[in-house]
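Here is how the chains run, residue by residue.
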Number of protein chains: 2
Amino acid sequence: MLFTDSEIIRSWHVNAAPWTKAIEREEIESRKLITNQAIINVILEEPPLELLDLGCGEGWLARELASKGINVFGIDAVPELIEKCKQRGDANFVVCTYENLSLLKLDKKFDSIVCNFSLIGKESSELAVHFSLNQLKANGRLIIQTLHPLIACGDLAYMDGWRPGSWSGFSEDFKEPAPWYFRTIEGWCRLFERSKFRLLSIYEPLHPRTQKPASIIFECVPEADL
Amino acid sequence: MLFTDSEIIRSWHVNAAPWTKAIEREEIESRKLITNQAIINVILEEPPLELLDLGCGEGWLARELASKGINVFGIDAVPELIEKCKQRGDANFVVCTYENLSLLKLDKKFDSIVCNFSLIGKESSELAVHFSLNQLKANGRLIIQTLHPLIACGDLAYMDGWRPGSWSGFSEDFKEPAPWYFRTIEGWCRLFERSKFRLLSIYEPLHPRTQKPASIIFECVPEADL
């Protein structure tokens, strides 16, 4: 397995179809039980008029938010997933890698930018966070949901670094898992600091069965807005 | 075991002597290996002129910082521990519970306030954080080192709440362990938010043997300073 950002995109190309099916059928227990609603709750604490769903995947969150009257714009690197979005959504969608975000000419800024389990790589995630800073309106929020580092760490050393991926727990339709870049909480905080964001809140949605956090949600605002 | 803030003070009265001995002899491995230096490093990132060591115990950190030319003021609820401080320190020390901090007339403000493993209770910790807000100079920092919630959680549910204490791993001179109030990272963040602090950074000093965080350090600034 190659430990690169482009390898992540390659894997998602391969797995776009089974992923769409898994989301449609609500096959991922922690999403169905906790993390889908958790990200919606944080977004709706201050309902945005305009929201950017960065790494929107097949578009379930974009559709959910659009149905609440929010103007949603979705970006994803995987054309097959954006196709699914366009077939079904009221929102606007475009194909773009995080590496190419800076080439994208967006004619508006957003009240909220959300990355829901969509910051998986190293440089690519850093580019997505940097990009977000200049796409937020004044007092806008960047909201990131990701694996909880202490839970996702497993038996390995608690240090930032690439890790091999796995589809364990998923159907056998999934192939060639993508590597992912593990970040500690300190690592995430350093990334926000370098990108001139400040942490506003951290949420740790509790998994009702394991009684441990099912994810972590970081809510950030541009340093300049404080 | 009673789950109250006052029970914590009672336990420290009982254990002041063995605690002082354990610190002098560097019997607590994680302190010797990691967390003592970790808190000093964070403090010295922006060396303060005036520092308040809130819950200073027998005074090792106050002495260490005073030896670097910092004017240190130490507060602790346990007279026996403050006695030890006074016998040996260049710093100034006073006995006061967190509950009585608001009655204390301090004639100066501080560049940094540090709570090194000294926020153990519920209301008492909240009072200490609230108190700190008004005792900081402009652009001052509140620095808190505490048990890492995900590590300290053990097999119990990851939820804020009182827990029974234990002296396991300590010598048999220690008696009547104090209860402590467990806070999740989200719980700590809520406390900072309610007290009008903003998180600047989070540090997770790595234990070289376990390769997991030995503690967590929160660095906060008054909301009004941003």
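One structure accompanies this document, and this report is about it. The model shown is predicted, which means the values in this text are computed figures rather than measured ones. (Residues numbered from 1 in each chain as written. Chains lettered and ligands numbered in written order. Predicted model: local features only at pLDDT ≥ 70, side-chain atom pairs only at ≥ 80, totals over all residues. Heavy atoms only, no water.)

Some details on the sheet that holds strand E4 (residues 110–116) of chain B
Residues and elements named next belong to chain B.
- A sheet is described by the order of its strands in space; here seven strands give the open sequence E3-E2-E1-E4-E5-E9-E8, paired in mixed fashion. If you trace the sheet from one side to the other, it starts and ends with strand E3 (92–95) and strand E8 (197–203), each paired once. Across the sheet, the mean angle from the axis of one strand to that of its neighbour is 20°, orientation sign disregarded.
- Pairing of E4 with strand E5 (residues 136–146), which is carried by six bridges, proceeds in the parallel orientation. When the bridges of E5 are listed, Ile113 appears paired with Leu142. (Pairing = 2+ DSSP bridges. Helix = DSSP H or I, 4+ residues; strand = E, 2+ residues; numbered from the N terminus. Axes fitted to C-alpha atoms, helices over the stretch in contact; angles between N-to-C directions.)

Focus: the interface of chain A and chain B
- In this assembly, 27 residues from chain A lie in contact with 28 residues from chain B.
- Both sides of the chain A and chain B interface together cover about 2200 Å² of buried area, and 59% of this is carbon and sulfur.
- The three residues of chain A that bury the most area against chain B are A:Tyr158, A:Glu186 and A:Glu204, which together make up 23% of that side's buried surface.
- Inspection of the chain A/chain B interface yields zero salt bridges.
- Listed by contribution, the elements that provide at least two residues to the side of chain A that touches chain B are helix H6 (149–152), helix H7 (185–194) and strand E8 (197–203) of chain A. (Contact = heavy atoms within 4.5 Å. Buried area = accessible area lost by both parts, 1.4 Å probe. Salt bridge = Lys/Arg side-chain N within 4 Å of Asp/Glu carboxyl O.)

Brief notes about helix H5 (residues 123–135) of chain A
Residues and elements named next belong to chain A.
- Between its first and last C-alpha, H5 extends 19 Å over 13 residues, near the 18 Å set by a 1.5 Å rise per residue.
- All buried positions along H5 are accounted for by Ser124, Ser125, Glu126, Ala128, Val129, Phe131, Ser132 and Gln135.
- Contacts from the buried residues of H5 go to helix H1 (5–24), strand E1 (50–54), strand E4 (110–116), strand E5 (136–146), H7 and E8. (Expected span 1.5 Å × (residues − 1). Buried < 20%, exposed > 50% of the residue type's maximum accessible area, 1.4 Å probe, protein only.)

Observations regarding the pattern of salt bridges
All names here are of chain B.
- Counted according to the given criterion, the structure contains 31 salt bridges over all chains.
- Among the salt bridges present, the one from Arg190 reaches Asp160, with a minimum N-O distance of 3.6 Å. Separated by 30 residues along the polypeptide, Arg190 in helix H7 (residues 185–194) and Asp160 in the loop between helix H6 (149–152) and strand E6 (161–163) bring together distant segments of the chain.
- Taking the relative accessible area as the measure of exposure, Arg190 reaches 37% and is therefore partly exposed.
- Residue classification places Asp160 among the partly exposed positions, given a relative accessible area of 27%.

Take it as geometry only, folks, not as evidence of what the structure does.
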